[in-house]
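Examining the three-dimensional arrangement
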Amino acid sequence: MPRGSRRTRLGLIVAVIVVIIVIASLRGLATFWTDYLWFQSVGFTSVFRGVLVTKILLAVVFSAVFFGLMLGNLTVVDRVAPAEVDAGTANELVVRYRDFSYGRQLKIRLIVSAVFGLLGGIGTNREWNNWDLFRYHVSFHTSDPQFHKDVGFYVFQLPFIRFLIGWAFEAVVVALIVSAVFHYLNGGITPQAAGRRVGSAVKAHLSVLLGALAIIKAVAYYFDRLALDLSRAHVVNGATATSVHADAPAKLLLMVIAVISAALFLANIRQRGWILPTVAVALWGLVSLLVGTAYPALYQALRVNPSELTREAPYIQRNIDATRAAYGLDKVQVDTNYKYQPALAGSEIQGSTPQASVNQQTIANVRLLDPAVNILNTFDKYQALRSYYSFDALSLGRYQLDTGSGTPQETATVASVRELNSSVPSGFVNQHLQYTHGYGAVLAPISQSGVDANGNPNFSLSGLPPSGPSPVNLTPNGSQIYYDNGQDTNKYVIADSKTKELDYENATTGQQVTTHYAGTGGVPAGSLIRRAAFALRFGDANFVLSGQITPSSRVMYIRNVTARVKKAAPFLKFDSDPYAVILNGKVYWVIDAYTVSDNYPYSQNANLDGLPPNSGLNTTFNYVRNSVKVVVSAYDGSMRFFDMNTGDPILKVYERAFPDLFTPVSQADKLFPGITAHFRYPENIFQIQTNMYGRYHLTNASDFYSQAQAWAVSPDPGSGPLTSNSPLGATVIGANGQILPPQVPRLQPQYILANLPGSPQPKVNFVLITPFVPISATGSSQNLTAFMTASSDPGTYGQLKVFQLPPGQTVDGPGLISNAIRSNPQISAELTFYNQQSSQVELGEVDIVPIDNTLLYVEPVYVESATNHIPELRDVVVVYDGQAYHSSNASLDGALCQIGAPFSAYCNTAAANAGPLINTNLGTGGTGSNSQGSTSTTTVPTPTTLPPASTGPVPAPPAGATVQSLLAQAVQELKAGQAALKAGDLGAYQAHNQQAYIYDEQAAQLAGSSPPAATTPPTTAKSG
């Protein structure tokens, strides 16, 4: 090939590479600029600049230091290089390098130093957060018990100091290696020579570097000694007996040895031999082996292990105190006057006293719509209304609603926001200009009033356009959801273009209701240059080519609210569950943010059991505070980071570093009137606190060491699909036929509205609640020992309270509800009947409901088709005083009626509840209706299993009878009994219920879950 053609081809290749580099650089610059525009649009440019300047500062300073270190050493290398080398002893590489470098030494030094300076400096920008903590550190106003340093030193300063020491050691090691290489290239080191292989000046130079390494290591030993407070010991975290009595003295001795070694290395500058360096290294290695490794191991084995509790008790106590402080457990209020009672007298529920009224309100807010069961599919079925809308998550909260009493009362609710999904028609205009936002929200009480006759949600706010009572109604602009927590908000949209944006389609006329965005969210599209930058960022030339985009159009990106707050405050950890709040006609998102550290001395690492995988707390830490709440507008994406006034020192540091980011929580209601009434204590931190409190309620070192009185969060009795592996099913069998040890999933925290025991005045409180049982590896211990609550009410927000059962009192915990259900043949038979023929039973999570000093356990039962997976409430199980009761009409009132006194008043409302219907063909779809139409199937009502009025054996089922036919006959008897009850004929009422009981028992026998025939029913009827 001609030389000219080769040069042309090479030039083309180089040109293509240059173009690729330029394009890549342009895209990076475009992303950088549009990031700045994003921070500018949300008003947090100070955060962008602060982080950027800190990163640049660190990279420049450390690059400059490394550059200077390398340049200085290479200059020394060239200064002490021999003028000539012996051609007979020098190898060819040395000769060629000396010929090449002649007259170019300065350039070589500068280039090599610059390369290593960049390599050693650029990566340090990752330490920007540690530098901010170091720079703006504050005091914790408490000291560690071993070295008496302020806790703030460990949390804020020590991490950056240890990074600095490690970086310096690595930098000197690199300088030592590079210097040795260039000494070799210059002829100062000649390993092939017969006589002196290393020049005396070279020895002096390398001795200085080795001495510097020894000094750095001595400093490292000093801080390593302090860091023993952060060690992960086998008993508890922190400096325990071996650390204090063996490791700490060893670090001091090694520090002295390192200083002596440094002195020997520096003394070698004069000696310029190998004796002193060899002695230094040998002495250092021997002491490190004997004192740093062997002695602590022997001390642990010979002194600590034989009498571990005695030796470790003081350090266990330190760990207890530190851990309780680090997780806020030292502020837990323990109710020592809690006197559990297995049953109520009656006056606590019936009547019109303030106490009875709040207990009635507590029962009226028991959760039957359970987000743990996939009722999100139910929301989609009845309220998505269009294929391109869906609901991504459910938000629990409380609102002042009138649910039938005539007076608005605080009502526990579940809400969800109608969001766009991936079913939006394709094309640039559809995807980015027309379908720009979701629309509206839905809300329903989670209690009996929130469930309709078919077991589906009874919405208080629903439809398009949204319609509901004033506390939860939405304005037209407030209904537009541009920012949400769905995955599809990861894409960008362009609002207020020439194309009209779709709000919704009118259900009656089918006409589209459209709008043009009128808010301030997003970044103005602006000039052609700005639009070109967006085109590069998103890889979409339509930003430049489309005629629909105007300079005033708003480009909205990073619209997922979780991603949004993470970008605005990357130094905070965020909760897994942003929740929607409907307030003053608008939708807002509230996200909890945490500050964490893994450097709190003596504190134990967090127990993360049960924590959702997408939680920001899924990391290693031993200190946490819920210091910040973020309120994000669903309409314009504006964010407010509220300092929750927890006194958290870490947040104080960030407020010093980013003063424009945070707003005092005292301003929250001024900016968003009424928002604090909707703040709720977050589940993620409560899970961590309850996990830790199970062990750390023990404040005595001896008790803590034995763990005999330790607690664990109560096991889940089997919520979710009813399968052979659930507690109500068979033994868990492995793939090879072996019996597997039982898994111990724990109950998740539950939000409830309840009047807590011992309250100074009757009032329902919105709290999180978690029950405890004795700790056991297999979860076999399931008696209730205590329960913890966390208040979400203004004035007491964040208050943790523990109600501990009296010692020696045996009370069933939530895990034993499965035993109570199993021992009730009617409930067991019903579940078996539902869980067949293409249908699936879904058990809701068990709610623990305190009523004065008594506890109710409530578990909703859902049934869903195997084809459409739309769960419908089919039953409510109540466990009271160790016995399970139910009312197969999805009625909590009906289940309470079965108990009899003191809940007999609920029989009146139970009789009025017609209850849901059982689909005889669940595989073909469920019942229900919405604005788009309705479907129905042949149905059979479920009997309410009231106890019989007289005794006597239950005969065997008649020949040819089926479960369905027996239940149908039970239905007829039940209807007749209800008619007799309304007519005041109690004798006929009891007779019909007696026969209904017999039919129900016979159906249970056929289902295979009942005891053998000829069982004897109870003798006393419990009715209203």
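These remarks concern the structure in this document. Since the model is a prediction, treat every value here as computed from it, not as a measurement.

Remarks on the pairing of strand 24 (residues 800-804)
Counted residue by residue, strand 24 has four buried out of five residues, so it is predominantly covered. Pairing between strand 1 (residues 333-335) and strand 24: three bridges, direction parallel. Pairing of Val334 across the sheet is with Val802, part of strand 24. Relative to strand 24, strand 23 (residues 786-791) is paired through five bridges, and the arrangement is antiparallel. Looking at strand 24, one finds that Met788 is bridged to Val802.

Let's talk about the packing of aromatic side chains
In the structure shown here, the tally under the stated rule is 54 aromatic pairs. Aromatic side chains Phe160 and Phe163 sit 5.6 Å apart centroid to centroid with 45° between the ring planes, which places their arrangement in the tilted category. With a gap of three residues between them, Phe160 and Phe163 both fall in helix 6 (residues 151-186), about one helical turn apart. Across the pair, Phe163 and Phe160 agree in class, each one buried. For the pair Phe571 and Tyr654, a centre-to-centre distance of 4.4 Å together with 25° between the ring planes defines the contact as stacked. Here the residue Phe571 occupies a position in the loop between helix 17 (561-568) and strand 13 (573-574), and Tyr654 occupies one in helix 18 (residues 649-657), the gap between them amounting to 83 residues. Classification of Phe571 by relative accessible area gives buried; the value is 8%. Judged by relative accessible area, Tyr654 falls into the buried class, the value being 4%. By way of ring pairs, the aromatic residues Phe62, Phe66, Trp131, Phe134, Phe160, Phe163 and Trp167 are connected into one cluster. We note Lys217 situated over the ring of Tyr221; from NZ or CZ to the ring centre the distance is 5.4 Å. A cation over a ring is seen here: Lys629 above Phe679, with NZ or CZ 5.5 Å from the ring centre.

Quick word on the side chain of Asn186
On the secondary structure map, Asn186 appears in helix 6. Judged by its relative accessible area of 6%, Asn186 falls in the buried class. A distance of 3.1 Å separates a polar atom in the side chain of Asn186 from a polar atom in the side chain of Asp78.

Examining helix 3 (residues 92-101)
For helix 3, every residue scored as buried is listed here: Val94, Tyr97, Arg98 and Ser101. The arc that holds the buried residues of helix 3, viewed along the axis, is 100°, so those residues lie on one side. For helix 3, the exposed residues set more than 90 degrees away from the buried face come down to Glu92, Arg96 and Asp99. In the segment just after helix 3, Gly103 is the residue with positive phi, at about 80°.

Looking at the sheet that holds strand 11 (residues 523-524)
If you trace the three strands from one edge of the open sheet to the other, you get 8-12-11, paired in antiparallel fashion. Both outer strands of the open sheet, strand 8 (493-495) and strand 11, are each paired with one neighbouring strand and no more. In this structure, strand 11 lies alongside strand 12 (residues 554-556), joined through two bridges in antiparallel fashion. Note that in strand 12 the partner of Pro524 across the bridge is Arg554.

Observations concerning helix 20 (residues 683-696)
Between its first and last C-alpha, helix 20 extends 19 Å over 14 residues, near the 20 Å set by a 1.5 Å rise per residue. Within helix 20, 12 of the 14 residues are buried, which leaves the element mostly enclosed by the surrounding structure.

Some words on the pairing of strand 22 (residues 765-774)
In terms of burial, strand 22 is largely enclosed, as nine of its 10 residues are buried. In this structure, strand 19 (residues 711-713) lies alongside strand 22, joined through three bridges in antiparallel fashion. Note that in strand 22 the partner of Ala712 across the bridge is Val773. In terms of strand pairing, strand 21 (residues 750-754) meets strand 22 through five bridges, oriented antiparallel. When the bridges of strand 22 are listed, Tyr751 appears paired with Leu768. Here strand 22 pairs with strand 23 via six bridges, running antiparallel. Along strand 23, the bridge assignment pairs Leu768 with Ala790.

Some thoughts on the state of the cysteines
Tallied over the full model, the rule gives one disulfide. Here Cys897 pairs with Cys907 through a disulfide, and the sulfurs are 2.0 Å apart. Classification of the bridge connecting Cys897 and Cys907 rests on its S-S torsion, roughly 100°, and on that basis the disulfide is right-handed. Linking Cys897 in helix 24 (residues 892-899) with Cys907 in helix 25 (residues 906-912), this pair joins segments that are 10 residues apart in sequence.

Details of a nonpolar patch on the surface
On the surface, Leu10, Val14, Val18, Val22, Leu26, Leu29 and Leu536 cluster together into a nonpolar patch covering about 590 Å² of accessible area. The greatest single-element share of the nonpolar patch, amounting to six residues, is contributed by helix 1 (residues 3-42). Position of Leu26 relative to the elements: it lies in helix 1.

Some remarks on the pattern of salt bridges
With the rule as written, the count across this model stands at 15 salt bridges. For Asp224, the salt bridge goes to Arg162, with nearest N and O atoms at 3.2 Å. In this pair, Asp224 is assigned in helix 7 (residues 200-226) and Arg162 in helix 6, connecting sequence segments 62 residues apart. Here Glu410 ties to Arg398 by a salt bridge, and the two come within 3.6 Å at their closest N and O atoms. With a gap of 12 residues between them, Glu410 in strand 4 (residues 409-420) and Arg398 in strand 3 (residues 395-401) connect regions that are remote in the sequence. Three or more residues are tied together by salt bridges with common partners; here these are Arg367, Asp370, Glu845 and Asp847.

A few points about the nonpolar core
With 194 residues, the main nonpolar core has Met639, Phe641 and Phe903 as its most contacted residues. At 11 residues, helix 6 tops the list of elements feeding residues into this core. Once residues lying within four places of it in the same chain are set aside, the contact partners of Phe903 are Leu344, Ile349, Gln350, Ile363, Leu856, Tyr880, Leu896 and Cys897. Grouped together as the second largest cluster of nonpolar side chains are 37 residues, Phe787, Ala884, Ala970 and Ala1003 included.

Some points on the packing of helix 2 (residues 45-79) against helix 6
Close contact between helix 2 and helix 6 brings their axes to 9 Å; oriented N to C, the two are set at 30°. In terms of orientation, helix 2 lies roughly parallel with respect to helix 6. As for how helix 2 packs across helix 6, the hand of that crossing is right-handed. Within the contact of helix 2 with helix 6, the residues separate by chemical class into 18 nonpolar, four polar and one charged.

Criteria and cut-off values
- Residues numbered from 1 in each chain as written.
- Predicted model: local features only at pLDDT ≥ 70, side-chain atom pairs only at ≥ 80, totals over all residues.
- Heavy atoms only, no water.
- Buried < 20%, exposed > 50% of the residue type's maximum accessible area, 1.4 Å probe, protein only.
- Helix = DSSP H or I, 4+ residues; strand = E, 2+ residues; numbered from the N terminus.
- Pairing = 2+ DSSP bridges.
- Phe/Tyr/Trp six-rings, centres within 6.5 Å; stacked < 30°, edge-to-face > 60°.
- Lys NZ or Arg CZ within 6 Å of the ring centre and 35° of its normal.
- Polar contact = N/O pair within 3.5 Å; in protein donor to acceptor, adjacent residues only side chain to side chain.
- Arc of directions from axis to C-beta.
- Expected span 1.5 Å × (residues − 1).
- Disulfide = S-S within 2.5 Å.
- Patch = residues over 30% accessible without salt bridge, like charges linked within 9 Å, V, L, I, M, F, W, Y side chains within 5 Å.
- Areas by Shrake-Rupley, 256 points an atom, 1.4 Å probe, with all protein chains shown as cover.
- Salt bridge = Lys/Arg side-chain N within 4 Å of Asp/Glu carboxyl O.
- Core = buried A, V, L, I, M, F, W, Y, C linked by side-chain atoms within 4.5 Å.
- Contact = heavy atoms within 4.5 Å.
- Axes fitted to C-alpha atoms, helices over the stretch in contact; angles between N-to-C directions.
- Parallel < 35°, antiparallel > 145°, perpendicular 65-115°, else oblique.
- Left-handed = near helix turned anticlockwise from the far one by under 90°.
- Nonpolar A, V, L, I, M, F, W, Y, C, P; charged D, E, K, R; others polar.

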